[in-house]
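Letter by letter, the chains look like this.
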Amino acid sequence: MAVLEAVRDNQGSRNLEIESDLCYTINTLMKNLRNLEDTGYIGKANRELIQITVAKIREKEEEIPRELKLTGAKLSKLTQSLAYKAIREVTLKKGKHQRERSKRMINVIQNHVEEVLGEIPTEERIWRSIRNKDISQQARYYLWMTAHDTYCIGTHWPKPNYKEELQQRSECTHCHGAIEDMSHILSRCETPGQEEIWDLARNLWMKTGRTWTQPWIRNIIACALTKVSEDKKERDPGGNWLWRILISESVYLIWKLRCERVIQNGNTPFSIQEVSNRWLTMINTRLELDCDMTNESLGKRKLKMKVVLKTWKGALREESRLPKNWIKTGGVLVGIGPRHHQEEG
Ligand SMILES: [Zn+2]
């Protein structure tokens, strides 16, 4: 708390020397920080305070390191045992309040799935669906954290022992007066981001000739549970695969852009063009990765060509000109170009 105060009180100064004889503070901010960030602060006491302090210190730096990740673990570093520790942290350490939050979110998802599939999924089935192999590691982690309602946003902030400045963190820094919970970030926030990304996802989806359902938090988390074909007899595995990828990757990008904006970019909004470009890069990278994953050398981890062809069918650029098996063609892109917006001003 004292370090945070010192950094805050000296916002203008370039150099700030902090003396402390407290090993805990020194080790946390100097020695162990990289490791803490890599592992998403799982199991760390005073996590929120440390994160704010680090963010404040970094605000002073001219060049913010790319690996700055104040939210979420770097998945490569998230070992199984750490993941379990995180589960325990959320369900046990955080106490009754957090358990109630998780429970509420699970209920919302269960009700939603019941509505569309006619059956209530068990909690275990929801967790399993989030670990679906079609969903990338980072997106899995994001969905998992969101399903637990455990990201430190919105109504997590106003705690009675926090100062007023911290209390205000519950509000969206872009939309005045709006509580910045996950629903706000994913579906309502007016800063360039969510709306543009869902538009692009819808565009691509509708290009494949399927009906679009607007993603809300409940069908986003359940994206690997729901079936895209309304006709139960007519299965559409390709559609289910593409839906999972499209929704999970898009939602993760929305979250990533939000964190970059709020934590790294001093709340400067992204331009619509930037958002578009980021989404296109993301989806094309995923397409490329899927193609690479068909490589024989991957053995058991290999993706079947049939699966990749079926997943992306109808979604590619100039698809009619591509060979039947385009996987080895290289340079295949998804079928929507960047949106061209009228120049402002
Ligand atoms: Zn907002």
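Residues numbered from 1 in each chain as written. Predicted model: local features only at pLDDT ≥ 70, side-chain atom pairs only at ≥ 80, totals over all residues. Heavy atoms only, no water.

As named in an unreviewed UniProt entry, the protein is Reverse transcriptase zinc-binding domain-containing protein, taken from Pleurotus eryngii.

Participant: Outline the coordination of the zinc ion, listing residues and values.
Facilitator: Tetrahedral coordination by four donors sets the ideal angle at the metal to 109.5 degrees; octahedral coordination by six donors sets it to 90 or 180 degrees. The protein atoms that coordinate the zinc ion are Cys172 (SG), Cys175 (SG), His184 (NE2) and Cys189 (SG), at distances of 2.1 to 2.3 Å. For the zinc ion, the 4 donor atoms in the first shell make angles of 105 to 114° at the metal, a pattern classed as tetrahedral. In primary sequence terms, the donor set of the zinc ion follows C-x2-C-x8-H-x4-C. Neither residue differs from the other here; Cys172 and Cys175 are each classed as buried. (Donors = N, O, S within 2.8 Å, 3.2 Å for Na, K, Ca; no water. Tetrahedral: all angles 85-135°; square planar, octahedral: opposite > 155°, others 65-115°. Buried < 20%, exposed > 50% of the residue type's maximum accessible area, 1.4 Å probe, protein only.)

Participant: Kindly report on the pattern of salt bridges, identifying the contributing residues and their values.
Facilitator: Opposite charge on two side chains allows them to pair when their charged atoms are near. Taken as a whole and judged by the stated rule, the model has 14 salt bridges. Across the salt bridge formed by Asp149 and Arg101, the nearest N and O atoms sit 3.2 Å from each other. Here Arg101 lies in helix H6 (residues 95-117) and Asp149 lies in the loop between helix H8 (137-147) and helix H9 (164-167), a separation of 48 residues in the sequence. One salt-bridge network, held together by shared partners, links Glu124, Arg128 and Arg131. (Salt bridge = Lys/Arg side-chain N within 4 Å of Asp/Glu carboxyl O. Helix = DSSP H or I, 4+ residues; strand = E, 2+ residues; numbered from the N terminus.)

Participant: Account for a positive patch on the surface, naming residues and giving values.
Facilitator: A contiguous patch of positive charge, built from Lys227, Arg235, Lys304, Lys306 and Lys310, is present on the exposed surface. In this fold, Lys310 is placed in helix H15 (residues 305-312). The exposure class of Lys310 is partly exposed, given its relative accessible area of 44%. (Patch = residues over 30% accessible without salt bridge, like charges linked within 9 Å, V, L, I, M, F, W, Y side chains within 5 Å. Areas by Shrake-Rupley, 256 points an atom, 1.4 Å probe, with all protein chains shown as cover. Lys, Arg positive; Asp, Glu negative; His and termini not counted. Charge placed at Lys NZ, Arg CZ, Asp CG, Glu CD.)

Participant: Can you break down the nonpolar core residue by residue, with the values?
Facilitator: Counting residues in hydrophobic clusters, the biggest one holds 66 residues, and the most contacted among them are Trp279 and Trp312. Element by element, the count of residues in this core is highest for helix H13 (residues 237-264), at 12 residues. Sequence-distant contacts of Trp279, that is, excluding residues within four places in its chain, are made with Ile197, Leu200, Ala201, Leu204, Leu246, Ser250, Leu253 and Ile336. Core analysis: the next-biggest nonpolar cluster, separate from the first, contains 8 residues, Val3, Leu36, Tyr41 and Ile50 among them. (Core = buried A, V, L, I, M, F, W, Y, C linked by side-chain atoms within 4.5 Å. Contact = heavy atoms within 4.5 Å.)

Participant: Can you lay out helix H7 (residues 123-130) for me, pointing to particular residues and giving the numbers?
Facilitator: What H7 keeps buried is the set Ile126, Trp127, Ser129 and Ile130. End-on view of H7: buried residues confined to an arc of 160°, all on one side of the axis. (Arc of directions from axis to C-beta.)

Participant: Report on the packing of aromatic side chains, specifying residues and quantitative values.
Facilitator: Within this structure, the stated rule accounts for 5 aromatic pairs. The interplanar angle of 65° and the centroid separation of 5.1 Å between the aromatic rings of Trp205 and Trp243 together place this pair among those described as edge-to-face. Here the residue Trp205 occupies a position in helix H11 (residues 194-207), and Trp243 occupies one in helix H13, the gap between them amounting to 38 residues. Like Trp205, the residue Trp243 is buried in the burial classification. Judged by centre distance (5.5 Å) and plane angle (65°), the rings of Trp212 and Trp243 are edge-to-face. Placement of the pair is Trp212 in the loop between H11 and helix H12 (217-221) and Trp243 in helix H13, with a sequence separation of 31 residues. We classify Trp212 as buried; its relative accessible area is 14%. (Phe/Tyr/Trp six-rings, centres within 6.5 Å; stacked < 30°, edge-to-face > 60°.)

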